[in-house]
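# An overview of the molecular structure
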Amino acid sequence: MIRATLRTAKGLVNGRRLFKGSNIFSEWLSDDDGSNQRYVVYSYGHHFPMYVYDSTTGRWYGNRTIYSPSTSRHKTACCPPEVHEWHPTPRMKAIAAYGMLPVVLRRLQGEAA
């Protein structure tokens, strides 16, 4: 785990590397068999995933919810090179937990996510 500052975080996010900083951190998540890997960048804790890279889709997803001035600074400092879609916090939590494809399937089946 690399120690990060707001100045160094962007490069670590772009490289999808694990880091921990002052109120920002990242982690890799996957299914039990190691598939469906997601790289998640958080502000202040697991309750606010700012960005998720889903290796299955090869896309970045961003949190469109405005939370606080400090979280807005975190979002700016950690923004990946290209965010393909923006979602509210509840959906970002689901994307972080399950990946985008299961979230889409649940929505198509009429479940909340």
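The paragraphs below set out a description of the structure included in this document. (Residues numbered from 1 in each chain as written. Predicted model: local features only at pLDDT ≥ 70, side-chain atom pairs only at ≥ 80, totals over all residues. Heavy atoms only, no water.)

### With respect to the side chain of His74
Using the following cut-off: We count a stretch as a helix when DSSP gives it H or I for four or more residues in a row; a strand needs E for two or more, and each element gets its number in order from the N terminus. Residue burial is assigned from relative accessible area. The probe radius is 1.4 Å, only protein chains are included, and a residue is buried under 20% of its type maximum, exposed over 50%, and partly exposed in between. Any two residues having at least one pair of non-hydrogen atoms within 4.5 Å are treated as being in contact.
Relative to the elements of secondary structure, His74 occurs in helix 2 (residues 69–78). For His74, a relative accessible area of 5% corresponds to the buried category. If we skip the residues at most four places from it in the chain, His74 touches Leu6, Ser22, Asn23, Ile24, Ser43, Tyr44 and Met50.

### A closer look at the packing of aromatic side chains
Here is the rule we go by: Only rings of Phe, Tyr and Trp enter the pairing, Trp through its six-membered ring, and a pair is recorded when the two centres are within 6.5 Å. The plane angle decides the type: under 30 degrees is stacked, over 60 is edge-to-face, the rest tilted. Cation placement over rings: the criterion is NZ of Lys or CZ of Arg within 6 Å of the ring centroid and within 35° of the ring normal.
Using the criterion set out here, one finds six aromatic pairs in the structure. Summarising the aromatic geometry, the rings of Tyr39 and Trp60 are spaced 6.0 Å apart at their centres and angled 85° between planes, so their arrangement reads as edge-to-face. Here Tyr39 is found in strand 4 (residues 38–43), whereas its partner Trp60 is found in strand 6 (residues 59–63), with 21 residues between them in sequence. Pair check on accessibility: Tyr39 and Trp60 agree, each one buried. A ring pair is formed by Tyr51 and Trp86, whose centres lie 6.1 Å apart and whose planes are at 70°; its orientation type is edge-to-face. With a gap of 35 residues between them, Tyr51 in strand 5 (residues 49–54) and Trp86 in strand 7 (residues 85–87) connect regions that are remote in the sequence. An aromatic cluster is present here, built from Trp28, Tyr39, Tyr53 and Trp60 joined pairwise through their rings. Positioned above the aromatic ring of Tyr53 is the side chain of Arg16, whose terminal nitrogen or guanidinium carbon lies 4.0 Å from the ring centre.

### Some points on the environment of Thr56
Test applied: Here a polar contact is taken to be a pair of N or O atoms separated by no more than 3.5 Å, where protein atoms must pair a possible hydrogen donor with a possible acceptor and residues adjacent in sequence count only if both atoms sit in side chains.
Note that Thr56 resides in the loop between strand 5 and strand 6. Taking the C-alpha atoms as reference points, Thr56 and Leu101, 45 residues apart in sequence, are found 8.1 Å from one another. In contact with Thr56, other than residues within four places in its own chain, are Asn36, Gln37 and Leu101. Side chain to side chain, Thr56 and Asn36 meet in a polar contact 3.2 Å long.

### What to know about the pairing of strand 5
Heads up, the rule is: In this scheme, strands are said to pair when DSSP sees at least two bridges between them.
By the criterion of burial, strand 5 is predominantly enclosed, with six of the six residues buried. Here strand 4 runs beside strand 5; their pairing, made up of five bridges, is antiparallel. In the sheet register, Val41 faces strand 5, and the bridge partner there is Tyr51. Connecting strand 4 to the next strand, strand 5, in antiparallel fashion are five residues, including Tyr44 with a positive phi near 70°. Pairing analysis gives four bridges linking strand 5 to strand 6, with the strands arranged antiparallel. Opposite Asp54, over in strand 6, you have Arg59 as the bridge partner. The hairpin formed by strand 5 and strand 6 contains four residues between the paired strands, and Gly58 there has a positive phi angle of roughly 70°.

Geometric descriptors of this kind do not, in isolation, establish any biological role.
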